[in-house]
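Working through the structure, step by step
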Amino acid sequence: SRQILSNARALPHSLPMSDLAPAVMQGLRASQEAQRKRVLHLVGSRQDEFYHDLSVLYARACDACQDLDRERFEFLFAVVHMDGNWSFPAGLDDKSLAAA
């Protein structure tokens, strides 16, 4: 990508190859981080406590999936509470939900 090429052009040309590879990899990681997509999971319900808790349960199962590509995607959560308020917890564990 252009970002990687511009990072490589900024490198001194007198570096030995063993020093050049880590610098190129750092540029590649920075480029990939900039392209990381955000996924917002909408969790909760105003309907009743059963559906609210069921939604949290499903979201926790989804978040625990080992197949999620956490290098390409950043997973965030928006929780709809019974009173209609929203919160944005750092995670879906009980402590994070209570703190949000």
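Look up a bit, the structure's there.
Report on the accompanying structure. (Residues numbered from 1 in each chain as written. Predicted model: local features only at pLDDT ≥ 70, side-chain atom pairs only at ≥ 80, totals over all residues. Heavy atoms only, no water.)

**As for the overall build of the chain**
Across its full length, the chain holds four helices and three strands. Going through the 100 residues of the chain one by one, you find that 21% of them count as buried. Put simply, of all contacts in the chain between residues at least 6 apart along the chain, 56% involve residues at least 24 apart. Per element, the accessible surface of the chain, about 7,600 Å² overall, is 55% carbon and sulfur. (Helix = DSSP H or I, 4+ residues; strand = E, 2+ residues; numbered from the N terminus. Buried < 20%, exposed > 50% of the residue type's maximum accessible area, 1.4 Å probe, protein only. Contact = heavy atoms within 4.5 Å. Areas by Shrake-Rupley, 256 points an atom, 1.4 Å probe, with all protein chains shown as cover.)

**Remarks on a nonpolar patch on the surface**
On the surface, a cluster of nonpolar side chains totalling about 560 Å² of accessible area is made up of L40, L42, L76, W86 and F88. By the element assignment, L76 lies in strand β2 (residues 73-80). When its relative accessible area of 31% is taken as the criterion, L76 is described as partly exposed. (Patch = residues over 30% accessible without salt bridge, like charges linked within 9 Å, V, L, I, M, F, W, Y side chains within 5 Å. Salt bridge = Lys/Arg side-chain N within 4 Å of Asp/Glu carboxyl O.)

**Concerning the sheet that holds strand β1 (residues 37-44)**
Reading across from one edge, β1-β2-β3 is the order of the three strands in this open sheet, with mixed pairing throughout. If you trace the sheet from one side to the other, it starts and ends with β1 and β3 (86-87), each paired once. Where β1 and β2 come together, eight bridges link them in parallel fashion. Bridged to H41 within β2 is F77. Running over the sheet, helix α3 (residues 49-63) touches β1 and β2 and is turned about 150 degrees from β1. (Pairing = 2+ DSSP bridges. Axes fitted to C-alpha atoms, helices over the stretch in contact; angles between N-to-C directions.)

**Here we look at the packing of aromatic side chains**
Under the defined criterion, the tally for this structure stands at two aromatic pairs. Aromatic side chains F50 and Y51 sit 5.2 Å apart centroid to centroid with 80 degrees between the ring planes, which places their arrangement in the edge-to-face category. Seen in terms of ring centroids, F73 and F75 are 6.3 Å apart; in terms of plane orientation they differ by 40 degrees. Their pairing is tilted. Owing to a relative accessible area of 23%, F73 belongs among the partly exposed residues under this scheme. (Phe/Tyr/Trp six-rings, centres within 6.5 Å; stacked < 30°, edge-to-face > 60°.)

**Overview of the state of the cysteines**
Applying the stated rule across the entire model yields zero disulfides. Cysteine C62 remains unbridged, with the sulfur of C65 as its closest cysteine sulfur at 6.8 Å. (Disulfide = S-S within 2.5 Å.)

**Quick notes on the pattern of salt bridges**
What the rule picks out here adds up to four salt bridges. Taking the shortest distance from any N to any O, the salt bridge between D94 and R60 comes out at 2.7 Å. Separated by 34 residues along the polypeptide, D94 in helix α4 (residues 94-99) and R60 in helix α3 bring together distant segments of the chain. With a relative accessible area of 32%, R60 lands in the partly exposed category. A salt bridge links D69 to R72; the nearest nitrogen and oxygen atoms lie 3.9 Å apart.

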